[in-house]
Amino acid sequence: MKKFTLIHAGFIAMSAMAFTSAQAATLTAHDCWIRLMPASLPSSGYFVVSNNGDKLATLTGAETPAFGMAMLHKSSSNGSTSTMAMVDSADVPAHGTLAFAPSGYHLMLEDAPKPLKVGTTIPLKLTFSDQSSISTQCAVKAASTLGK
């Protein structure tokens, strides 16, 4: 009975890993860049997530060793008023994309342990509600940059 239970448990674990890998394989991140700000100010990050799968994917977090904190944010404007707020998640539609871009969804990046330099790249890991993750490289660009 114990042998059957161990085999069964192993099969379940391998199936879960295969599902997570399959979900992650349908997601890609590209066109990532970081707006470098002076050390006392938070930086912002932008990228595009493409979902080639049949299911909606929900982005729930981001991390990079280049910053102590990475938070999902969204900017909104209502007439002459603009606001920015932290969000818990952002959906990537099936067979669609989600763009993190200036004046919309973006990453707020704070507490860089060491100064970054324009022209370098940093790693970024994105995590999703199903516990899958994808990684990409982000170009560090000047504060005056408006787009990719």
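First, a word on what this report is: a plain description of the structure on this page. The structure presented is a predicted model; accordingly, all values stated were derived computationally and were not measured.

Details of the overall build of the protein
Helix and strand counts for the protein stand at one helix and ten strands. Counting from the amino terminus, helix and strand elements in the protein follow one another as α-β-β-β-β-β-β-β-β-β-β. Taken over 148 residues, the protein has a buried fraction of 35%. Summarising the internal contacts of the protein: among those between residues at least 6 apart in sequence, 67% fall at separations of at least 24. Of the roughly 8,800 Å² of accessible surface on the protein, 60% is carried by carbon and sulfur atoms.

What to know about the pairing of strand β7 (residues 96–100)
Of the two faces of β7, the one holding G96, L98 and F100 is buried and the one holding T97 and A99 is not buried anywhere. Bridging between strand β2 (residues 43–51) and β7 involves five bridges; their strand directions are antiparallel. Among the inter-strand pairings, V48 is bridged to a residue of β7, identified as A99.

Details of the state of the cysteines
Inspection of the entire model under this criterion finds one disulfide. Here C32 is linked by a disulfide to C138, with a sulfur-sulfur distance of 2.0 Å. An S-S torsion of about 75° defines the bridge between C32 and C138 as right-handed. Within this pair, whereas C32 is found in strand β1 (residues 27–35), its partner C138 is found in strand β10 (residues 133–141), the two being separated by 106 residues in sequence. By relative accessible area, which is 8% here, C32 ends up buried.

Rules used in this analysis
Each residue is numbered by its place in its chain's sequence as written, counting from 1. Residues qualify for local features only when their pLDDT is at least 70, as the model is predicted, and side-chain atom pairs are given and counted only at 80 or more; totals for whole chains, interfaces and linings, by contrast, use all residues. Calculation of side-chain values draws on the structure's entire complement of heavy atoms; hydrogens and water are dropped beforehand. Per the convention used, a helix needs a DSSP run of H or I reaching at least four residues, while a strand needs a run of E reaching at least two, with both numbered from the N terminus. Here's how the labels work: a residue is buried when its accessible area is under 20% of the maximum for its type, exposed when over 50%, partly exposed in between, all with a 1.4 Å probe on protein chains only. Contacts: residue pairs with any heavy atoms within 4.5 Å of one another. Accessible surface is estimated by sampling points in the Shrake-Rupley manner with a 1.4 Å probe; for residues, cover comes only from the protein chains shown. Only when DSSP finds a minimum of two bridges between them are two strands counted as paired. For this text, the term disulfide refers to a pair of cysteine sulfurs within 2.5 Å.

What is shown is where atoms sit, not what they do.
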